[in-house]
Amino acid sequence: MTSAAHTPLGGWLNTLVIDGRVVEGHAVLTPRGELVRGCADTLARKLEELPDGVSGVDLDMTDVVFMDTAGLQFLDLLDAYGRRHRVPVRATRWNGQPRRILELVGLDTEDPLRHASDRTAGPRTTSAVARERAEQLDELRVEIEQLRRAIVSRPVIDQARGVLMATHGCTSEQAWDILRDASQHSNTRLRAVAAAVVAVAESKGPPPPEEVRRALRTAISRRLHGGS
């Protein structure tokens, strides 16, 4: 049995596949891919496929290579399944970046569901710890989004640095300073400034906006010729 989800994010195709089998009434699931938006839906479909009366659910997380805050929804769904069916659930063998995310939010890195409340208990109440964790998750969400944007933006920024280095004979560090200064003084995103520089280098590329051109000229003069 296999369930899969395909979720485009930032121009990438993130895939989560969950294989599974039932051994002597116990479900063993093996997710592969990324715990990102849509992963909880994939898990929900997989859990729905399990036969009635399973004695427990074990997830082997070895092949999960990336996790953002959606992965915590994945864990909440798994925990809710255990509560509803009053069976033990475990998610073990975390490694790499997903393991670091668990550490950051204060969950057990061996099995983040190990210390969940008794399966027969009622709904959990909001506590100071839960509120603190929610704040940590908000910070984590921002950090991950910034990282993804940085990764997506890097190619065009590197291209722009190469253009400046070839055109003005400057170093990579000087090219970076020029782009950063032009971004700040034109109030334009760094990636947009870099894209404008790359476009100028193309034979049919459009000229950059006037404020970006002025900011680039000022930055080049300041960084390469000692201008003010």
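Residues numbered from 1 in each chain as written. Predicted model: local features only at pLDDT ≥ 70, side-chain atom pairs only at ≥ 80, totals over all residues. Heavy atoms only, no water.

Draft legend 1. Seen up close, the overall build of the chain. Along its length, the chain carries 7 helices and 6 strands. Ordered by position from N to C terminus, the α and β elements of the chain give β-β-β-α-β-β-α-β-α-α-α-α-α. The proportion of buried residues among the 228 residues of the chain is 40%. Taking as baseline every contact in the chain between residues at least 6 positions apart, the subset at least 24 positions apart corresponds to 62%. (Helix = DSSP H or I, 4+ residues; strand = E, 2+ residues; numbered from the N terminus. Buried < 20%, exposed > 50% of the residue type's maximum accessible area, 1.4 Å probe, protein only. Contact = heavy atoms within 4.5 Å.)

Draft legend 2. Up close: the nonpolar core. Counting residues in hydrophobic clusters, the biggest one holds 30 residues, and the most contacted among them are L35, V57, L59, F74 and L75. In terms of residue count, helix α2 (residues 70-85) provides more of this core than any other element does, 6 residues in total. Those residues in contact with L35, other than ones at most four positions away along the chain, are L16, M61, V64, F66, M67, D68, A70, G71, F74 and W94. V156, A160, L179 and V193 belong to the second largest nonpolar core, which has 19 residues in total. (Core = buried A, V, L, I, M, F, W, Y, C linked by side-chain atoms within 4.5 Å.)

Draft legend 3. Expanded view of helix α7 (residues 210-225). Along its 16 residues, α7 runs 21 Å from first to last C-alpha, staying within 8% of the 22 Å computed at 1.5 Å per residue. Looking only at α7, the buried set comprises V212, A215, L216, A219 and I220. One side of α7 holds all its buried residues, which, seen down the axis, span an arc of 135°. The exposed set on the far side of α7, more than 90 degrees from its buried face, consists of R217 and H225. Phi turns positive, to about 75°, at G226, one or two residues after α7. (Expected span 1.5 Å × (residues − 1). Arc of directions from axis to C-beta.)

Draft legend 4. Main features of the packing of helix α5 (residues 172-186) against α7. Across the interface, α5 lies against α7 with an axial gap of 8 Å and an inter-helix angle of 135°. The orientation of α5 with respect to α7, classified from their angle, is oblique. Crossing of α5 against α7: the hand is right-handed. On α7, the residues touching Q174, D177, I178, R180, D181, A182, H185 and S186 of α5 are E211, V212, A215, L216, A219, I220, R222, R223 and L224. For the contact of α5 with α7, the residue count by class is 8 nonpolar, 3 polar and 6 charged. (Axes fitted to C-alpha atoms, helices over the stretch in contact; angles between N-to-C directions. Parallel < 35°, antiparallel > 145°, perpendicular 65-115°, else oblique. Left-handed = near helix turned anticlockwise from the far one by under 90°. Nonpolar A, V, L, I, M, F, W, Y, C, P; charged D, E, K, R; others polar.)

Draft legend 5. Looking closely at α2. Counted at 1.5 Å a residue, the expected span for α2 with its 16 residues is 22 Å, and the 23 Å between its end C-alpha atoms agrees. A positive backbone phi angle near 55° is found at R86, which sits one or two residues after α2.

Draft legend 6. Just the packing of α5 against helix α6 (residues 190-201), in detail. Two numbers describe how α5 lies on α6: the axes approach to 9 Å, and their chain directions differ by 115°. Here α5 and α6 pass one another in a crossing that is right-handed. Residues W176, L179, R180, A182, S183 and S186 of α5 lie in contact with α6, whose contacting residues are L190, V193, A194 and V197. In terms of residue class, the contact of α5 with α6 is built from 7 nonpolar, 2 polar and 1 charged.

Draft legend 7. Structural detail: unusual backbone geometry. We note that E24 has phi near 50°; this positive angle belongs to a residue other than glycine. Along the chain, the position of E24 falls in the loop between β2 (12-23) and β3 (26-35).

Draft legend 8. The pairing of β3, seen in detail. Of all 10 residues in β3, 7 are buried, a share of seventy percent or more. Bridge count for β3 against strand β4 (residues 56-60) is 4 bridges, and the pairing is parallel. Opposite A27, over in β4, you have V57 as the bridge partner. At this point the chain moves from β3, through helix α1 (residues 39-49), to the parallel β4, and the crossover so formed is right-handed. (Pairing = 2+ DSSP bridges. Right-handed = clockwise from strand over helix to strand, strands pointing away.)

Draft legend 9. Representation of the environment of D158 in the model. Its location among the elements puts D158 in helix α4 (residues 128-168). Note on D158: relative accessible area 35%, which makes it partly exposed. Sequence spacing of D158 and S172 is 14 residues, and the spatial spacing of their C-alpha atoms is 9.1 Å.

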